[in-house]
Amino acid sequence: GDSVTQMEGPVTLSEEAFLTINCTYTATGYPSLFWYVQYPGEGLQLLLKATKADDKGSNKGFEATYRKETTSFHLEKGSVQVSDSAVYFCALTFEGGSAGGTSYGKLTFGQGTILTVHP
Amino acid sequence: GAVVSQHPSRVICKSGTSVKIECRSLDFQATTMFWYRQFPKQSLMLMATSNEGSKATYEQGVEKDKFLINHASLTLSTLTVTSAHPEDSSFYICSASYGHLGYNEQFFGPGTRLTVL
């Protein structure tokens, strides 16, 4: 079946440091890929997405590029802030169809990575 | 816009009792609602998908009689954990989406922490 694997956390950084959170996926077909962020006490929010190979999603200084050849969608930010402290989830879905167990509209999530940024 | 609320945010109950969790879309009509379960340091696992006015579709391994889902209106879905036991203790999260064509963005509630004593 389809799956998403994220780098183990927690990740602890100083403010203005460079961030990378690795995400790789296994899927039959060509999924759409997402990064969600969950701030303390809040629900998951869509951070960015990419729907096809070589697409780059970006938002709030975060970026991720859909790499079909390496089945990866790593999240990066050049300079993190304390306010970026949160849990980050990588996810995939299939738009308009199904494959490998992840059906239309359903999200398959990675295990989440806790990021803590210190001043 | 696209706010989803859950109530309660936290509940503690005795083993054998039933607990109801509400999920509401506050500013849109949700054609589909999803219920997830999240264990500590683990991913969100989809439990079921529900469309307004029809029966929920449960994922493999999820007991329908244990986790009752009702999607009575376009803004409300409820999850009832029946005869709860300590192993049901978890973080339950709902999400809601609207539209029927292709993938539609899911908007997530803040979650409900269930503790069964």
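Bear in mind the structure is a predicted one, so any value in this text is a computation, not a measurement.

Visitor: What should I look at first to understand unusual backbone geometry in this one?
Guide: Negative phi is the rule for most residues except glycine; trans is the rule for most peptide bonds. Here Gly9 of chain A and Pro10 of chain A are connected by a cis peptide whose omega angle stands at -10°. Within the element layout of this structure, Pro10 of chain A appears in the loop between β1 (3-6) and β2 (11-14). The omega torsion across His7 of chain B and Pro8 of chain B is 0°, close enough to zero to call that bond cis. Along the chain, Pro8 of chain B falls in the loop between β1 (4-7) and β2 (10-13). Unlike most non-glycine residues, Glu16 of chain A shows phi in positive territory, near 80°. Mapped onto the secondary structure, Glu16 of chain A falls in the loop between β2 and β3 (19-21).

Visitor: How should the pairing of strand β10 (residues 86-93) of chain A be read in this particular structure?
Guide: Looking down a regular strand, the side chains alternate between one sheet face and the other. Residue and element names in this part refer to chain A. Across the eight residues of β10, seven count as buried, placing the element largely inside the fold. Alignment of strand β5 (residues 32-38) against β10, held across seven bridges, turns out to be antiparallel. In the strand pairing of β10, Ser32 is matched with Thr93. Sheet topology note: the β10/strand β12 (residues 113-118) ladder contains three bridges and is antiparallel. Paired with Tyr88 across the two strands is Thr113, which belongs to β12. Where β10 lies against strand β11 (residues 108-109), two bridges are found, and the strand directions are antiparallel. In the sheet register, Ala91 faces β11, and the bridge partner there is Phe109.

Visitor: Help me out: how do you make sense of the packing of aromatic side chains in this one?
Guide: Residue and element names in this part refer to chain A. Within this structure, the stated rule accounts for 13 aromatic pairs over all chains. When the ring of Tyr25 is compared with that of Tyr66, the centres are 6.1 Å apart and the planes differ by 80°; the resulting orientation is edge-to-face. Placement of the pair is Tyr25 in strand β4 (residues 23-26) and Tyr66 in the loop between β8 (62-65) and β9 (75-77), with a sequence separation of 41 residues. Judged by relative accessible area, Tyr25 falls into the buried class, the value being 6%.

Visitor: What's the story with the state of the cysteines in this structure? I'm lost.
Guide: Every disulfide links exactly two cysteines, by a covalent bond between their sulfur atoms. Residue and element names in this part refer to chain A. Taken as a whole and assessed by the stated rule, the structure comprises two disulfides over all chains. What pairs with Cys23 in a disulfide is Cys90, and their sulfur atoms sit 2.0 Å apart. Its S-S torsion of about -70° marks the bond between Cys23 and Cys90 as left-handed, since a negative value means left-handed. Here Cys23, found in strand β4, pairs with Cys90, found in strand β10; they are 67 residues apart in sequence, far enough to count as distant. Cys90 matches Cys23 in its accessibility class, with the two residues each being buried.

Visitor: Honestly, the nonpolar core in this entry has me stumped. Any pointers?
Guide: Soluble globular proteins tend to bury their nonpolar side chains together. Counting residues in hydrophobic clusters, the biggest one holds 27 residues, and the most contacted among them are Leu19, Trp35, Leu47, Leu48, Phe73, Leu75 and Tyr88 of chain A. Looking at this core, the elements with two or more residues in it are β2, β3, β4, β5, β6 (44-50), β8, β10 and β12 of chain A. Tallying contributions element by element places β10 of chain A first for this core, with four residues. Counting residues in each nonpolar core, the second largest holds 26 residues, with Val4, Cys94, Phe107 and Leu114 of chain B among its members.

Visitor: Would you explain the sheet that holds β9 of chain A in this entry?
Guide: Where strands meet in a sheet, backbone hydrogen bonds hold them as pairs that are either parallel or antiparallel. Residue and element names in this part refer to chain A. Sheet architecture is open: four strands sit in the order β3-β9-β8-β7, paired in antiparallel fashion. Edge positions in the sheet fall to β3 and β7 (56-59), since each has one partner strand and no second. Mean inter-strand twist for the sheet, computed between neighbouring axes without regard to direction, equals 15°.

Calculation criteria
- Residues numbered from 1 in each chain as written.
- Chains lettered and ligands numbered in written order.
- Predicted model: local features only at pLDDT ≥ 70, side-chain atom pairs only at ≥ 80, totals over all residues.
- Heavy atoms only, no water.
- Helix = DSSP H or I, 4+ residues; strand = E, 2+ residues; numbered from the N terminus.
- Buried < 20%, exposed > 50% of the residue type's maximum accessible area, 1.4 Å probe, protein only.
- Pairing = 2+ DSSP bridges.
- Phe/Tyr/Trp six-rings, centres within 6.5 Å; stacked < 30°, edge-to-face > 60°.
- Disulfide = S-S within 2.5 Å.
- Core = buried A, V, L, I, M, F, W, Y, C linked by side-chain atoms within 4.5 Å.
- Axes fitted to C-alpha atoms, helices over the stretch in contact; angles between N-to-C directions.

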